[in-house]
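What follows is each chain in one-letter form.
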Amino acid sequence: MTTYILIAMLLGIGAGALIHNTVADPATQKQIAGYVSIGSTIFLRLIKMIIAPLVFSTLVAGIGHMADAGTVGRVGGKAMLWFVCASLVSLTLGLVLVNLFEPGVGIHKVATGASSGINANAMSVAGFVTHVFPDSAIRPMVENEILQIVVFSLFFGVACASMGERARAVVESIESLSHIILRVTGYVMKLAPLAVLCAMTSTIATNGLSILVNYAKFMGEFYFGLVCLWLVLVLAGFLILGPSITRLVGLVREPFLIAFSTASSEAAYPKMLEQLAKFPIARRISSFVLPLGYSFNLDGTMMYCTFASVFIAQAYDIPLGFGTQVAMLLTLMLTSKGVAGVPRASLVVIAATLSQFSLPEEGLLLILGIDTFLDMGRSATNVIGNSLATAVVAKWEGQLVADEETREMIEEVELEPV
């Protein structure tokens, strides 16, 4: 599957470039791209179809098998500890690199008061708090509000765990549902190469390869920063997981490519759950930590927020002192935790940051054209960050069997007839 996805990416780039160079009219290019993108749209819609039942069933089944509510709190606390540390590293690394490379210096933009079209007020403390807690058990399922699904599943799962034998039949039924949804996931994932081909073709057909050349410096430096972040995260994982980190990296290669080529972390979620089970990580850990990570541990998105905010200040020749940049980092540390469920989340966070620090909001127009290409890297980074977070929490909980020989013994025992 990994090979098929890589081939599809290359074919998509070639086909998109061919369409862009053959068809001169931008309106026609956009129309063709719209038809081609139907394939990727179908795939993403199918993924969204299974996200809600998958998160609910796996999370409830996982928590239902935990001993008590204290175990849930302990696992959640360890996960949040990792998320906060990873967030701080991501934001700091983005801040350091953008000051080192200075990608915006020399652009000399002048503020004209133009609007970026991004609502900087789309996210507030009150709005975030009310967004976290659902007002219905069904509506979050319908609208794929992962954070609200997690909250309801936590209450439901803890209630099942506290009732013991009386809730055993319910937990077993939901666990059976999770296995069915995972089988459906396997069917959907067979369409991944086609979705990648369509997504890449559509993007390049509309924008052309020239947009990558024009923004090569900014994109190159940002992707270099992402690679540095990957290395830091993997190194941190090595310190905790040891040599088995290489196996984990190999397992998440496929969801990494899916997220990169579709620019959607959500598209990679079902495959991540499946691959982490092969590491192996106990399902009750992965089904709990992964949804939380999708809400609170978007490492690539957070790094982009500091990188882009300071880049815009540089482009408009607005100096930012050390104290101001530290204040910006701390602000983003809080606001970036509210991105779950917000459309074009990173752009909304950046817009709010620009407004708060009196930077021209129209600076977002500098990066809107290449945001899709940057989102590919951010989404792939989120996959790495959440996979590592899940493995580390599993290690801390003693739910990780990293030794190959021990794993084989467990598999043999499971296969023995009772």
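Look above for the structure.
Let me begin by describing the structure that accompanies this report. In every chain, residue numbers begin from 1 and rise along the written sequence. Totals for whole chains, interfaces and linings use every residue, but because this is a predicted model, local features are given only for residues with pLDDT of at least 70 and side-chain atom pairs only at 80 or more, for both listing and counting. Hydrogens and waters are ignored; side-chain quantities use all the structure's heavy atoms.

Once that is clear, we can look at the overall build of the protein. Note on conventions: DSSP H or I runs of at least 4 residues are helices, E runs of at least 2 residues are strands, and numbering of each starts at the N terminus. For the protein, the helix and strand inventory stands at 21 helices and 0 strands. Within the protein, the proportion of its 418 residues that are buried is 53%. Whether two residues are in contact is decided by their heavy atoms: any pair within 4.5 Å suffices. Put simply, of all contacts in the protein between residues at least 6 apart along the chain, 86% involve residues at least 24 apart. Here the Shrake-Rupley method, with its probe set to 1.4 Å, supplies the accessible areas, and only the displayed protein chains count as covering residues. Split by element, the accessible area of the protein, about 18400 Å² in all, is 66% carbon and sulfur. Three labels apply to residues, based on accessible area from a 1.4 Å probe with only protein chains included: buried if under 20% of the type maximum, exposed if over 50%, partly exposed otherwise in between.

Let's shift gears to the nonpolar core. Side chains of a nonpolar character, in soluble globular proteins, are inclined to be buried together. We define the nonpolar core as a collection of buried residues of types Ala, Val, Leu, Ile, Met, Phe, Trp, Tyr and Cys that are connected through side-chain atoms lying within 4.5 Å of one another. Membership of the largest hydrophobic core comes to 114 residues, with the highest contact counts inside it found for F43 and L248. With 12 residues, the single largest contributor to this core is helix α20 (residues 371–396). Once residues within four sequence positions are removed from consideration, F43 is found in contact with V188, M189, L191, A192, A195, I258 and A267.

Here we come to the side chain of Q314. The residue Q314 is located in helix α16 (residues 299–315) in this model. Take Q314: its relative accessible area is 12%, and that puts it in the buried class. Excluding residues within four positions of it along the chain, Q314 makes contact with V98, N99, E102, P103, G104 and V105.

If you trace the backbone, P26 turns up in helix α2 (residues 26–36). We classify P26 as exposed; its relative accessible area is 58%. Spatially, the C-alpha atom of P26 lies 7.3 Å from that of T206, the residues being 180 residues apart in sequence.

Right, let's get into the packing of helix α14 (residues 265–277) against α20. Axes here refer to lines fitted to C-alpha atoms; in helices the fit is confined to the stretch in contact. Angles between the N-to-C directions go from 0 to 180 degrees. Interaxial distance between α14 and α20 falls to 10 Å at its minimum, and their mutual angle equals 30°. Taken as axis vectors, α14 and α20 run roughly parallel relative to one another. Seen along the crossing, α14 lies across α20 with a hand that is right-handed. For the pair α14 and α20, the contacting residues are S265, A268, M272 and L276 in the first and S379, N382, V383, N386, S387 and T390 in the second. Taken together, the residues of the contact of α14 with α20 break down into 4 nonpolar, 6 polar and no charged. If an angle is under 35 degrees, it is roughly parallel; if it is over 145, roughly antiparallel; if it lies from 65 to 115, roughly perpendicular; otherwise it is oblique. Two helices crossing with the near one rotated counterclockwise from the far one by less than a right angle form a left-handed crossing, whereas a clockwise rotation gives a right-handed crossing. Under the scheme applied, nonpolar residues are Ala, Val, Leu, Ile, Met, Phe, Trp, Tyr, Cys and Pro; charged residues are Asp, Glu, Lys and Arg; polar residues are all the others, including Gly.

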